[in-house]
Amino acid sequence: MKLFHYLHYGLSLILVFVGVKMLISDFYHVPTEYALGFIALTLTAAVIISIYFPKEDDPVHGRTCRMRSKPGHEPARKYDR
C-alpha cells in the first residue's frame, strides 16, 4: 500500500461524499449510478495520481525511496541514508 500514497485522500473524499449524500437524502436522491461512478472515478484518480507522482521522501525512516533500474545501469531510484 506504500505505492498508493494518495489513496487515503481519495478514501476521505469518498467518505465526505457519502456523508453529504446521507445529509441531503431527505431533499434530493442522488442516483445510484452517479454515486458509484463518483466512487470509481475517485479511487481510479487516486491510484493513477499515486503512480504518476511517486513519493520521494520517507520521513519515518529518514531516507529517500528510489526504484532500481536494470542491472549494469545507474540506479534510477534507490534507498539512500
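Conventions and cut-offs
- Residues numbered from 1 in each chain as written.
- Predicted model: local features only at pLDDT ≥ 70, side-chain atom pairs only at ≥ 80, totals over all residues.
- Heavy atoms only, no water.
- Axes fitted to C-alpha atoms, helices over the stretch in contact; angles between N-to-C directions.
- Helix = DSSP H or I, 4+ residues; strand = E, 2+ residues; numbered from the N terminus.
- Parallel < 35°, antiparallel > 145°, perpendicular 65-115°, else oblique.
- Left-handed = near helix turned anticlockwise from the far one by under 90°.
- Contact = heavy atoms within 4.5 Å.
- Nonpolar A, V, L, I, M, F, W, Y, C, P; charged D, E, K, R; others polar.
- Polar contact = N/O pair within 3.5 Å; in protein donor to acceptor, adjacent residues only side chain to side chain.

Caption draft 1: Structural detail: the packing of helix α1 (residues 7–23) against helix α2 (residues 32–52). One can describe the packing of α1 onto α2 by two numbers: an axis separation of 8 Å at closest approach and a directional angle of 165°. By the angle between their directions, the pair α1 and α2 is classed as roughly antiparallel. The chirality of how α1 crosses α2 is right-handed. Judged by residue contacts, Leu-7, Gly-10, Leu-11, Leu-13, Ile-14, Phe-17 and Lys-21 of α1 engage Ala-35, Phe-38, Ile-39, Thr-42, Leu-43, Ala-46, Val-47 and Ser-50 from α2. A per-class count over the contact of α1 with α2 returns 11 nonpolar, three polar and one charged.

Caption draft 2: View of the side chain of Ser-50. With respect to the element layout, Ser-50 can be found in helix α2. Of the polar contacts made by the side chain of Ser-50, one reaches the backbone nitrogen of Tyr-6; its length is 3.0 Å. For Ser-50, the residues in contact, after removing those within four places along its chain, are Leu-3, Phe-4, His-5, Tyr-6 and Leu-7.

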